[in-house]
Amino acid sequence: MNISVELTFSPLQDDFEEHIINFIKKLRASGLTVLENPLSTQVYGEYDEVMDLLKEDIKKAFELMDKGLLYMKVVKSDRSDYEPHF
C-alpha cells in the first residue's frame, strides 16, 4: 500500500534551522520520493518503508533538540504526481 505523508517540523528553539536541514537531508538520502516547499516536506512510498523511516528519523531529530513540534498528515495513496488544476 502506497502512502503520501506531509510533514511540518518546527523545533521550538532559537537554533532551529540546523535541525530542520538535517532532518530533510536524512529524508532525501532515504531513496524515497521527497518533495519540499517552504512550509512542509512530502514523502511518498510504500507504507512500511515510509513509516519505518519516519519512526527512526523523528526520534533522532527529537533527541537532538530541547523542544520540538511535528505535524504529520498521512494519505492512503501516492499523490506525488499531483498537479493543481487552477
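The structure presented is a predicted model; accordingly, all values stated were derived computationally and were not measured.

Thresholds applied
- Residues numbered from 1 in each chain as written.
- Predicted model: local features only at pLDDT ≥ 70, side-chain atom pairs only at ≥ 80, totals over all residues.
- Heavy atoms only, no water.
- Pairing = 2+ DSSP bridges.
- Helix = DSSP H or I, 4+ residues; strand = E, 2+ residues; numbered from the N terminus.
- Axes fitted to C-alpha atoms, helices over the stretch in contact; angles between N-to-C directions.
- Contact = heavy atoms within 4.5 Å.

Trainee: So what's going on with the sheet that holds strand S4 (residues 68-75)? Which residues, and what values?
Mentor: Taken in spatial order, the four strands of this open sheet run S2-S3-S1-S4, and their pairing is antiparallel. Of all the strands in the sheet, the pair left with one neighbour each is strand S2 (33-36) and S4. Neighbouring strand axes in the sheet, compared pairwise and without regard to direction, differ in orientation by 20° on average. Direction of pairing for strand S1 (residues 2-11) relative to strand S3 (residues 41-46): antiparallel, over a ladder of six bridges. By the bridge assignment for S3, asparagine 2 is matched with glutamate 46. Running over the sheet, helix H1 (residues 16-28) touches S1, S2 and S3 and is turned about 160° from S1.

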